Amino acid sequence: MSSDNIGLGFYDENGITFQTEGKHIIENVKRILTTRRGERIGNLSFGSDVSKYLFMPDLTIDDLIAEIVNSIKRCEPRVTVEECSLYSRKDFDTVVIDLKLRLKSSGEILETSVEL
């Protein structure tokens, strides 16, 4: 195992593989945003309420972005959120969250998108 590889990846088409820190963090951020808070037994504060908030009529985009940023800050302390934007794909009934994250350890920028 290379020193650049720090974690196991369970969703690779080749089975269990080792991942770099950046890939591991991106996978964890996606897991945070797609897990409802209270859903994970033994860690009820893990996750976010984004999917629940999407259907609240009085919520603004700023409220959703605040929930995303706070969830990542609470559950993934290795990064800070530099940018967060949302858009919807009406033809697929999907909301896409675009994120730019900064690794605290190295300052490296990671970019990812999460679909809900």
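Above this text sits the structure in question.
From a predicted model like this one, the values you see are computed outputs, not experimental measurements.

Trainee: Hey, could you go over the layout of surface pockets for me, with residue numbers and the actual values?
Mentor: When its volume is computed, the largest pocket comes out at roughly 250 Å³. Looking at the largest pocket, it is lined by 15 residues, and the ones nearest its centre are Leu54, Ile61, Leu64, Ser88 and Val95. Among the secondary structure elements, those contributing two or more residues to the lining of the largest pocket are α3 (61-75), β3 (79-89) and β4 (94-103). The greatest single-element share of the lining of the largest pocket, amounting to three residues, is contributed by β3. Looking at side-chain class alone, the lining of the largest pocket contains eleven nonpolar, three polar and one charged residues.

Trainee: Quick one: what's the story with the pairing of strand β5 (residues 109-115), residue by residue and with numbers?
Mentor: Taking every second residue as pointing to the same face, the buried face of β5 carries Leu110, Thr112 and Val114, while none of Ile109, Glu111, Ser113 and Glu115 on the other face is buried. Here seven bridges tie β4 to β5, and the two strands are oriented antiparallel to one another. In the sheet register, Ile97 faces β5, and the bridge partner there is Val114. Two successive antiparallel strands, β4 and β5, enclose a turn made up of five residues, where Gly107 displays a positive phi of approximately 85 degrees.

Cut-offs and rules
- Residues numbered from 1 in each chain as written.
- Predicted model: local features only at pLDDT ≥ 70, side-chain atom pairs only at ≥ 80, totals over all residues.
- Heavy atoms only, no water.
- 1 Å grid on protein atoms, 1.4 Å probe; cavity = no way out; pocket = protein on both sides within 12 Å on 5 of 7 lines; lining within 4 Å.
- Points joined across faces, edges and corners; volume = space filled by probe spheres on them.
- Helix = DSSP H or I, 4+ residues; strand = E, 2+ residues; numbered from the N terminus.
- Nonpolar A, V, L, I, M, F, W, Y, C, P; charged D, E, K, R; others polar.
- Buried < 20%, exposed > 50% of the residue type's maximum accessible area, 1.4 Å probe, protein only.
- Pairing = 2+ DSSP bridges.

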